[in-house]
Structure formats: structure tokens, C-alpha cells
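Structure assessment
So the chains spell out like this:
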Amino acid sequence: MRIVVPIKQVPDLVEELELLPEGTDLDRDLLTFKLNEYDDHAVEEALCLKEAAGAEVVVVGLDEPEIDQSLYTALAKGADRAVKLTGDLEGWIDTHRRVAALASWLASEPFDLVLVGVQAVDDLDGQVPALLGARLGVPHVSVVTRVEPSGDGAALVHQEYSGGLAAELEVRLPAVVGVQAARQAPRYASITRVRQAMQEGSIEEVAATGADEAAGLRVRRLFAPEASGHAEMLEGNVGEVAERILELLRTRGLLKA
Amino acid sequence: MPLGHAPMLLALPANRITRPIFGGETETAKTVFYVLALLTVLVFAYGWFRRVRKYERGRRTVLQRLRRDEQVPSPSPVVAPPRLGVALWRVLANTPVRRRNRAVGTAHLLLFWGFTGLFLATVILSADYDVYRNVSRWITGSSHTFFDGTFYEAYNAVFNAAGLLAVVGLVVLMVRRARSRGVRLDYRRAEQPTSGYSRVWFVLGDWVFSGSLLVILLTGFGIQGLRILHEHLPGFERWTWLGYAVAEAFRGMGVSPAAAGGAHAILWWVHVGFALAFVAYVPYSKAMHMLTAPVSLLATNPGATRRLPPPPEGKPGYVTLADFSSKELLDLDSCTKCGRCHEACPARTSGAPLSPRDLILDLRQWADHQGGTVSLLDWETRPEPSGPVAGAPSEPVAGTVVPERTLWACTTCMACVELCPVGIEHVPLIVNLRRSLVDQGRMEPTLQTALQALSQQGNSFGKSARMRARWTKGLSFEVPDARKEPVEYLWWVGDFASFDDRVQGVSRQLAELLHAAGISFGLLYEDERNAGNDVRRVGEEGLFELLVERNLAAMAKADFQTVLTTDPHTFNTMRNEYPQYGFDKPVRHYTQLLAELLESGRIPVRPLGRRVTYHDPCYLGRYNRITDPPRRVLAAIGCELVEMPRNREATFCCGAGGGRIWMVDDPQVQERPSENRIKEAAALGVDTFVVACPKDFTMYSDAVKTTGHEQDMTVVDLVQLVAEAMAPTLAEAVAG
């Protein structure tokens, strides 16, 4: 089995986010970047699959800030190949352009499964798996928490929903799977191993095609969240507090009686 | 007792001051003795050969250590390996055995020298009887001896004394062992195998060892007395003062000279039989420590724990037997189960599944299985084989032989290394085992989060590096940026003193204090990263190296004379480990600087008149022997110091070291080390618990709450006391 895991870099949210004066993007010079958490889970699930059933794992990323670190880390954890798609990739790359670049590369790469993070801090609507499936003309399943091969060119996937509901689906391969969480917490790659991977220098660079395609949407302006008032502390004895709660619920129309 | 005493005592040469050696014994009996002796030597040599073969499977570092190749010049060295002469003296004087354990150590010293004396006596006798007499006969035609006259008398007088010392020492040790109810000699394991276990063979091994020694010693005196009585107590034998007294005692009991002769013939064989069997038994038993422990002590490197050795070449850490150094494999055999580490270990004390003693014994049993050596007794058994008892090759050693929980329980406080009377270095061993776990990504989630934060943000709090110097907000002055202007001291604040809300106030006070004293100091601001002491001790060597590289690069951008540290952990790695990576500046802890400023009057103070106790941080007091400066500070500000029983280099760990602060308590923990320590302090009747380490500040602030001492005990940093003692005008500024 051949598993491709597209990964991406996102801003590290421990840093303060600042907007550019024109307001259409973050000031990326002030940011540090790290691997998208969900992609980390996609890598982990791919490696679990490899260990359980045998597979070749290929991680692929666009040439974004500090992507090398994430690609080498994936190699250190046990991925077989790392590919970097290079080109004119400055600034924020929206979902459509990202998917176009990935799909164009995947067109010439045989694969059985694409495991990709279901979302990212700058892609909370989780379009990547669906768009990628559509572009490649293969089935897609998202919000997946476990993938297992089920023979006959198919895979069993588990989904978890809110309210404790779960589903188990069978999907025909090749397919694109949006990973919500791996079956286990992403493993730790020791710095020694990451550095070994770096010394072996085995990132393949491929020119990205398709990323110059027109974006599906245009950012007109970004807004920093505004603090809107503070919590009101209810004081007094139990009776008074209870009265006040009732009053609040009535004035907000949450309580009819 | 000399081995070659005569069984039958006839026909003494007239007027000769000597005694018969095999005199009058039949040739058959002599032959039997020599055949047995030869067998003994063969069995001994075989056992020893097997052991040496095992050591040779390890990495060769022993000779390097003896040659001190591992020493790297440090501008402020702590503890260099002792010179060979000093190390030899430590062996001969039993110094490490007597340390903090006077009575037991002295008893051991008596036995050590008594036993050595008796061994010498046998060697001398053999040199005369087996060598000198035969050689002289071949050369001159007649047999010569030096075993007579004054030599004979002196020989007996001296070695009787040796025998007595040995008996006294041995009896004291045996009585103490039999009566001991403490944890030291309690063989219950800290980590419980699921199937249960038995260590009765350990106990049996101890008693066979000490018991057979006692039998050899007592029968030695017995045969001496019987022989002298049989010879009708010749006057010159008064030099054999103890044997003579025994002879007189037998006579007093009504034993006739003839009966003494008969009894001697039997007892002689008992004595010889036990002695030969004991010699043959040595390499298969606890007695082996007589041979291995001196080597361990000579080869031990007190610097090794302070400056951890790197992992074996081309290996992430210890996985198989061949990864251990020869010295470490030898150390395993040197352990006598004395239990000093077991008693002192904060992990064991708290109920965590780690005892340094058990770790060594488990590794020994495993190494014996792997290396093909055997002990006859001294084995642990389990109903269902597991871990070290499994027998079959079990690798990797970390996680298979030693459970992961056990390895993670270590705080690297170094109490075990400090106390071990045979020079075992437990901490480097544990770190090398942890390294192989880290390589496999096997660690608890909280630790993984901390390591990822350390590699991503350079601090364990996962905060932006730009927030590191935020604690300086609110200071009455701006702290110079050492990257932009020259300063005398580069202050390495460290993660806790920079990011922890509770400790930030202390950092501000120290900054104001130094400013008021006119000290030139600066920060690296966002370029400072965790120094990596605990990262290295967790076993993440690669990340440690990365942090060192980045910190050295950051320091290269700054102009300063000396590094000043808040955190003793930072202090340790910068002082002892950074020089190996090319760092060449002196490092000081703030307690050293404060002591100097107070004593020179640069910080004017008034006496506080408080009664306080002081907790020595492991990495300051034990690792780096900085125990006086904080006490000098307390004296300078007029505080009465009431010492806790465990003080200075015998301090008790707070439980945070070695990366433990990034992990959760083992479910087996009953009382945290920090709680144990607060109770120790509370028993003194003082209300102020002084610390000099940011991690201690947080650990003990928690512990006073969880032990219910919140009302009667306050945890303060030394800095806070100095600020309090300053002149009110200054104190006001500093209080900010």
C-alpha cells in the first residue's frame, strides 16, 4: 500500500498575531510556524498503518516557512519519502491553490490512500480532503479517527461524531481521508533522529504546478478579535443571586414563565 | 588462619621455636590437601574468568578513566577524579564505607584489615613451606626455613591480632544485620512485579557469606589453641597470645593434651575445608565484592554525574549488554546490597517504583544471564519469570528488564551516587537507559509536550520567546540588553524564574537588589533558552545539544565577563557541561554573589533576627558543593539557621529534578519528596523555609499547602529575605 500524507505549516499561536497594515494578511515576519496539528495526526495514522499492515509512507508539503523541519521530523518518525513542492508560494496559500498544487503532483504519483489533516487553524471549514477527493476523482471520507485495510482494495474507516456516536464505513481505494485524530497520540521524534534525517538530506524537490490557479476566494480584510465586555459577577446571598439569575433569563427571553 | 596447619602434631624438633607444618601428617593427607587446594584454585579461576569475560563484553572506558582522558578543562572545576594515591587510600581506609556510617564502617574496616592480615599470613606461610624450603633443598641439598625463632613469634603475635580484629568486626556486622529493622537491609522491592517475587536467596547468601567467615575464623583459633595445648603450652607460644589463651581455656575445661591432639586432627580439616570452599565460592557470591569493589572505587569518576557522559558511539543509549561500559558491568558485581542508596533515594522514599539498589541488582541478574556468569545464591526468584528474572535474552533493557516507570521515577538528585561505598554511578546509568526510551519516543505525554515546547519555543512553558523578559516590566530601571552593551554579569534567568508567576516576583527583587548594589548585569532577552540540564537528564541528548548550540551562539553575540544563574540546574550544566562544547566563561550562582555583596557592605542591611531553616538544592549543594555562600548570606542578614538533619551535600531532593517537574506523579507515590521535606522542617519548630532555587520555590510552596503547614510555615527565597533586611528606603524600591 502506498500512503501519501500532505502536510502544511501553520502559525504558532503562542506568538501574538498581528495584521499587516492593509489588513489582508497576518504579519508573517513576526510569526513562527509549526506543523498543523491535524496533519501530525495524519502522519501518525499513516505510520500506524505502515507498522500494522505494511505500507510506503510519502509526506509532501508546499515550500512554506520551516516546512523542512516538519518533513525531516516525519522522516525521523518512519516516513519513507519526503517531497517538497517548490515555486512561487509567498504568503497565505488558500485551500484551492493548495489543493490544485497537491492534485497536480498526485496525478503523476500512484497512491492508495491520501491521509490529510481534516482541518487547520487557517482552514477550519476542512475543505482540503473534500476538494482533493473531488479533484482526483476518488472517494473521500472526513473526520476519521482510524483507518484499517479491509482487503479487496478497500479500507475500513472510523468516524466519531458528537454525542458519542460513531460510524464505521468501508471506502474503495484509492481514497482521500481527512484525519481528525490518529489511533494514538503522535509519537515523539528525538532531535538526534531528526538531525540524522537532515544529514541524509533526503527531501525531494519538485516544482509545484497548478498553484498559480486563481483562488476560489479573495480576502478583503481580516479583523483582530475584539474584547466585548466582561463577565458580570453576581454578588449577594443565595436568594438574591437566584433572583438575579431568573431576571436575566427572563430579560434574554430564555425563560417564559 | 593460615591454611597449612598440621593435623597431627608429633616430634617437634627439639629447642626450635616453630611449629610443624604438616609435621607428622601422612603423605596421603598432604596429597589430599594439595589436590583440594588445586581444585579450589581452578574453581576460583574459572568463576573469575567468566566474570572478566562478562566485563569484556562492555565498552572499554575503565582505563581511559584511570588515565583521566575524560577530563576537560573547566574554568571552575568541581570535583576531579581523585589521584590514584588518594583513590587507593580511600580503598585501604574504607573511607566511603565509614562515611556517614561510622559504626558499621569501622566494623567493616576491622574485618577488612583482619581478613587481609590473615590472607597475608597464609601467603607468608606458603612462601616458606611451599617455596623457600623446596627451592633451598634443590639448591643446597638441605631444606631451609625462615618460619622460626623471632620471626615465628612476631608472626603469631601480629596475625593473632588480625584475627581478633576480624572476629570483632564480623560479629558487630552480623549482630547489626540480625537486629536491623530499618529500610536499609529490608529487601522488599520498590517496584512490585505482578507475579510477586522472593528474595530469600539474597538473605541466605548474606548469612552463608558472613557465617562461613565466622566459622573459618573461630576454627582457626580453635586449632591453634588445641595445637598449643597438645604441645604442653611451650613458653615461646605465649607470643601466640590469643591461641595460647584458647589453649589455657581448653585446659581449664579439663581437655588433656592427648585429647587436644585428637580434636585438632578433626577440627583442622573443618577449618581447611571451610577455608578452601570459601575461596572457591568467592567469584560466585556476594564475597566477590572483595575483588571488584576496589576496582570500582579506583575507576569511579565523581565528575561523571555532574557532567554526563555522551551516549555510546553510534547508539542512542543503552539497549544491550554491550552498550554498558566495562566499569558499569563491574559495578553491578560490586554492589553489596548495603541499602544506603535505597534509604536515601527520594523516589523510593515517596513510594515510587524506583530503588537504586533494586535497579543495580536487577541489572546484575540480567547481566549474569546474558554474560553466562552465575551466582550460587544471591538470586531473586519469581513465580512467573519476568524482567531480570526472565533468563532468556531480554532486550531492549530499558522497558524490558527495568520498567519504564522505574526509570522515569529518578530525580537525578545524586544522593545514591554520593552515598555508594563502592563507587557505583547510578545516575549516568539511568540517563543512558532513558536515552534509549526517548529514542523510541517512549515517554509520558506531559514530558513529550515539554520537550516539544523546548525545541519549538526554547522553554518548557510553551510560551513565546518574546515573552521571556516580560517579568522585567515594573522594574524601576531598564535591564541592559547584553547583546547591545557590555556588562559584567550575563544573568541567565532560566525558565521558572522567567515564566512562573510565583517566581517572577523573586526575579524582580533580585534585579532591584543587584541594581541597588551597582552591579553591571544584563539579559539575553528572547535569545536566552533553557540551558538544557534537565533535558539532558531526561535522556534527550539531541535536544540538549541543540539548546547548547543555540545558547552558545546567543552568548557569542553578547559582551560579558561571567554568567550569573538563578537556577542551580542551569548552574550545573553551564559550569560542568558547557565547557565540553567550547564555553570558557566562569559561572556563578546568585547566592555566591549575594554573599560577597553583603560581606563587603555593598548591600547595607539590618539584622532580621528570624529563625529559619535552609534547604540545599541538589544541584547546588550536592552537585556543586556550594553550601557555604547561602549560609553566609543568612548570617549576614542576622538570621538564626536551624539545620535540618539532612543538610548540605546530604540534602533531600524536592522531587523536581531530572525532568520530573515535567511529569506527573507515579500512581504508587504516597508522599511526595517535597512533602517529606516540609515535615522534616516542621519538626524543627521554625516558621521560615528558605530556598535558593526557583523550582524549589514552586515545589515547596505547593508542599506547605498539601501537608497542612500553610499557616505555620512560609517558603521564601533567599533573595526575599535579603530584600527584607535592606534599609527601608531601598527595601521599598526592591519590594516592587
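Anyway, here's the lowdown on the structure attached to this text.

Definitions and limits used
- Residues numbered from 1 in each chain as written.
- Chains lettered and ligands numbered in written order.
- Predicted model: local features only at pLDDT ≥ 70, side-chain atom pairs only at ≥ 80, totals over all residues.
- Heavy atoms only, no water.
- Contact = heavy atoms within 4.5 Å.
- Buried area = accessible area lost by both parts, 1.4 Å probe.
- Salt bridge = Lys/Arg side-chain N within 4 Å of Asp/Glu carboxyl O.
- Polar contact = N/O pair within 3.5 Å; in protein donor to acceptor, adjacent residues only side chain to side chain.
- Helix = DSSP H or I, 4+ residues; strand = E, 2+ residues; numbered from the N terminus.
- Nonpolar A, V, L, I, M, F, W, Y, C, P; charged D, E, K, R; others polar.
- Pairing = 2+ DSSP bridges.
- Axes fitted to C-alpha atoms, helices over the stretch in contact; angles between N-to-C directions.
- Buried < 20%, exposed > 50% of the residue type's maximum accessible area, 1.4 Å probe, protein only.
- Core = buried A, V, L, I, M, F, W, Y, C linked by side-chain atoms within 4.5 Å.

Okay, the interface of chain B and chain A next. At the junction of the two partners, chain B supplies 24 residues and chain A supplies 16 residues. Together, the buried faces of chain B and chain A total about 1,500 Å²; carbon and sulfur atoms form 40% of this surface. The three residues of chain B that bury the most area against chain A are Asp 439, Gln 456 and Arg 466 of chain B, which together make up 28% of that side's buried surface. Counting across the chain B and chain A interface gives 4 salt bridges. One salt bridge connects Glu 16 of chain A with Arg 470 of chain B, and the closest N-O pair in it is separated by 4.0 Å. Taken together, chain B and chain A are joined by 12 residue pairs in polar contact (both at pLDDT 80 or more). Taken together, the elements giving at least two residues each to the side of chain B that touches chain A come down to α19 (426-439), α20 (445-456) and α24 (541-556) of chain B. At 6 residues, α24 of chain B tops the list of elements feeding residues into the side of chain B that touches chain A. When its residues are assigned to classes, the side of chain B that touches chain A shows 6 nonpolar, 10 polar and 8 charged.

The next thing to look at is the sheet that holds strand β1 (residues 2-7) of chain A. All names here are of chain A. A sheet is described by the order of its strands in space; here 9 strands give the open sequence β9-β8-β7-β10-β6-β1-β4-β5-β11, paired in mixed fashion. The two strands at the open ends of the sheet, each matched to only one other strand, are β9 (166-172) and β11 (203-207). Strand-to-strand, the axes of this sheet are offset by a mean angle of 35 degrees, without reference to chain direction. Relative to strand β10 (residues 175-179), strand β6 (residues 113-117) runs parallel, the two sharing 5 bridges. Within β10, the position partnered with Leu 115 by the bridge is Val 177. Seen against the sheet, helix α3 (residues 95-106) touches β1, β4 (56-62), β5 (81-86), β6 and β11 and runs at an angle of roughly 140 degrees to β4. The strands touched by helix α4 (residues 128-136) within the sheet are β1, β6, β7 (140-149) and β10, with β10 carrying the most contacts at an inclination of about 175 degrees.

The subject of this paragraph is the environment of Glu 444 of chain B. All names here are of chain B. With respect to the helices, strands and loops of the structure, Glu 444 is situated in the loop between α19 and α20. Expressed as a C-alpha distance, the spacing of Glu 444 and Met 663, which sit 219 residues apart in the sequence, is 7.1 Å. With sequence-adjacent residues up to four places away left out, Glu 444 is seen in contact with Met 663 and Val 664.

Residues and elements named next belong to chain B. Inspection of the entire model under this criterion finds 76 salt bridges over all chains. Salt-bridge contacts for Asp 534 lead to Lys 695; the nearest nitrogen and oxygen are separated by 3.3 Å. Of this pair, Asp 534 sits in helix α23 (residues 533-538) while Lys 695 is found in helix α30 (residues 694-706), placing the two residues 161 residues apart along the sequence. Each member of the pair, Asp 534 as well as Lys 695, is classed as buried.

Ranked by internal contacts, the top residues of the largest apolar core, which has 130 residues, are Leu 363 and Met 555 of chain B. The dominant element in this core, judged by the number of residues it contributes, is α24 of chain B, at 8 residues. Beyond its immediate stretch of four places on either side in the chain, Leu 363 of chain B contacts Phe 324, Leu 332, Val 397, Val 402, Leu 429 and Leu 433 of chain B. Grouped together as the second largest cluster of nonpolar side chains are 36 residues, Leu 115, Val 144, Val 157 and Ile 203 of chain A included.

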